[in-house]
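Structural features, examined
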Amino acid sequence: LADYELRGWPGWHHHVALVCLAQLFTVIERRLAKDARPLLSVRDITELLEIYLPRRPRTEEEVLRRIARRHRARAQDIRRHRKPRGHRVKSILTK
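Figured I'd write up the structure that's included with this text. The structure displayed is predicted, hence computed values, not measured ones. (Residues numbered from 1 in each chain as written. Predicted model: local features only at pLDDT ≥ 70, side-chain atom pairs only at ≥ 80, totals over all residues. Heavy atoms only, no water.)

Counting secondary structure elements, the chain contains three helices and zero strands. Ordered by position from N to C terminus, the α and β elements of the chain give α-α-α. Counting over 95 residues, the chain shows a buried share of 6%. Of the roughly 9,800 Å² of accessible surface on the chain, 57% is carried by carbon and sulfur atoms. (Helix = DSSP H or I, 4+ residues; strand = E, 2+ residues; numbered from the N terminus. Buried < 20%, exposed > 50% of the residue type's maximum accessible area, 1.4 Å probe, protein only. Areas by Shrake-Rupley, 256 points an atom, 1.4 Å probe, with all protein chains shown as cover.)

Here is the structure:
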């Protein structure tokens, strides 16, 4: 739950739902392996998943394109949410 950066409720709900499902998965796996591996941790399960889940190899160019796309989107979000210069907030205490 500590690794989310979201701006809206739907994204937050999706993230929390996936985190809860991942936690449920690790609890079930730990219970199933309790007799054979009593010290199995979430980190152990994560490392095993890195071995067993297939991943498509990526080229350096593909990774750099993905980074550039994220950077463009992040810069656009920053520009969109930045207040225009000269914008002053009026105080409710002054007339």
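Next, the rest of the story.
Along the chain, the position of E62 falls in helix α3 (residues 60–81). Beyond its immediate chain neighbours, meaning those up to four positions away, E62 contacts R56 and P57. (Contact = heavy atoms within 4.5 Å.)

A cluster of nonpolar residues, L18, L21, L24, I28 and L32, forms a patch on the protein surface that exposes about 540 Å² of accessible area. The topology assignment puts L32 in helix α1 (residues 9–32). (Patch = residues over 30% accessible without salt bridge, like charges linked within 9 Å, V, L, I, M, F, W, Y side chains within 5 Å. Salt bridge = Lys/Arg side-chain N within 4 Å of Asp/Glu carboxyl O.)

What follows concerns the packing of α1 against helix α2 (residues 42–52). At a minimum axis separation of 10 Å, α1 and α2 run at an interaxial angle of 100°. Comparing the axis directions of α1 and α2 gives the class roughly perpendicular. Residues F25, T26, E29 and R30 of α1 form the contact with α2, whose own contacting residues are V42, I45 and L49. Considering only residue class, the contact of α1 with α2 consists of four nonpolar, one polar and two charged. (Axes fitted to C-alpha atoms, helices over the stretch in contact; angles between N-to-C directions. Parallel < 35°, antiparallel > 145°, perpendicular 65-115°, else oblique. Nonpolar A, V, L, I, M, F, W, Y, C, P; charged D, E, K, R; others polar.)

Okay, a positive patch on the surface next. Together, R55, R58, R65, R66, R69, R70, R72 and R74 give the surface a local cluster of positive charge. For R58, the position within the fold is in the loop between α2 and α3. (Lys, Arg positive; Asp, Glu negative; His and termini not counted. Charge placed at Lys NZ, Arg CZ, Asp CG, Glu CD.)

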